[in-house]
Amino acid sequence: MSDDQAATASETVEAYYQALRDGDPLGPFFAEEPGMVKVGISETLVGQAAIVDGLADQTATTTDWVVESRDCHVTERDDFAWYHDDVSLGWRDTASGRNYDFETRWSGSLRADDGWEFLTLHVSTAGDLD
């Protein structure tokens, strides 16, 4: 594991949240697996290429991210982990200037392979994006 990768799955989840807040690239948090999936409030991305491209577009068109974890639980078993969290989530769309705010539920699975990486990530809310 390199010095910049998190030593635990919990640290990886928090590092992902911080990267989102900071507008840093999010693609490196995901494993290189063809069947990976990231489900967001308004999209489903399948495969590493789609996830990396989708997250790069998200980073390029949004700003002012708020990611406030309220109830994060991470379970690690050898080289596999899963987690769930309740997150206050918000951002600003740079094209429209519109602000979005949601109470969201997050869940995901990670594996340890030279650092912890997401295999799945699911973000949902009871409301609609519009």
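The rules behind each value
Residues numbered from 1 in each chain as written. Predicted model: local features only at pLDDT ≥ 70, side-chain atom pairs only at ≥ 80, totals over all residues. Heavy atoms only, no water. Helix = DSSP H or I, 4+ residues; strand = E, 2+ residues; numbered from the N terminus. Buried < 20%, exposed > 50% of the residue type's maximum accessible area, 1.4 Å probe, protein only. Phe/Tyr/Trp six-rings, centres within 6.5 Å; stacked < 30°, edge-to-face > 60°. Expected span 1.5 Å × (residues − 1). Arc of directions from axis to C-beta. Core = buried A, V, L, I, M, F, W, Y, C linked by side-chain atoms within 4.5 Å. Contact = heavy atoms within 4.5 Å.

Asks: What should I look at first to understand the environment of Pro-25 in this one?
Replies: Note that Pro-25 resides in the loop between helix H1 (9-22) and strand E1 (37-39). On the accessibility criterion, Pro-25 (61% relative accessible area) is exposed. Along the chain, Pro-25 and Glu-103 lie 78 residues apart, while their C-alpha atoms are 23 Å from each other.

Asks: For this particular structure, what's the right way to read the packing of aromatic side chains?
Replies: Two aromatic rings are characterised by how far apart their centres lie and by the angle between their planes. In the structure shown here, the tally under the stated rule is 12 aromatic pairs. Seen from their ring centres, Tyr-16 and Phe-29 are 5.3 Å apart, and the 90° between their planes marks the pair as edge-to-face. Here Phe-29 lies in the loop between H1 and E1 and Tyr-16 lies in helix H1, a separation of 13 residues in the sequence. There is no split in this pair, since Tyr-16 and Phe-29 are both buried.

Asks: Would you take a moment to explain H1 for this structure?
Replies: Along an α-helix, residues three or four positions apart point the same way, because every turn accommodates 3.6 residues. With 14 residues, H1 ought to run about 20 Å at 1.5 Å a step, and its terminal C-alpha atoms sit 20 Å apart, in line with that. Among the residues of H1, those classed as buried are Ala-9, Thr-12, Val-13, Tyr-16, Tyr-17, Ala-19 and Leu-20. The arc that holds the buried residues of H1, viewed along the axis, is 160°, so those residues lie on one side. Remark: Gly-23 follows H1 within two positions and exhibits a positive phi of approximately 75°.

Asks: I would appreciate a short explanation of helix H2 (residues 48-61) in the present structure.
Replies: Compared with an ideal rise of 1.5 Å per residue, which puts 14 residues at 20 Å, H2 spans 20 Å between its outermost C-alpha atoms and is within 8% of the ideal. Considered for burial, the residues of H2 that qualify are Ile-51, Leu-55 and Gln-58. Burial along H2 is one-sided: seen end-on, the buried residues are contained in an arc of 55°. Exposed and facing more than 90 degrees away from the buried side of H2 are Ala-49, Asp-53 and Ala-60.

Asks: I keep staring at the nonpolar core and nothing clicks. Help me out?
Replies: For soluble globular proteins, the rule of thumb is that nonpolar side chains tend to be buried together. The biggest cluster of nonpolar side chains holds 30 residues, and the ones touching the most others in it are Tyr-16, Tyr-17, Phe-30, Tyr-83, Leu-89, Trp-106 and Phe-118. At the level of secondary structure, the elements contributing two or more residues to this core comprise H1, H2, strand E3 (62-69), strand E5 (80-93), strand E6 (99-112) and strand E7 (116-125). It is H1 that contributes the most residues to this core, six residues altogether. Beyond its immediate sequence surroundings of up to four residues, Leu-89 is in contact with Leu-20, Ile-41, Trp-65, Val-66, Val-67, Tyr-100, Asp-101, Phe-102, Thr-104, Trp-106 and Val-123.

Keep in mind these numbers describe shape, not what the thing actually does.
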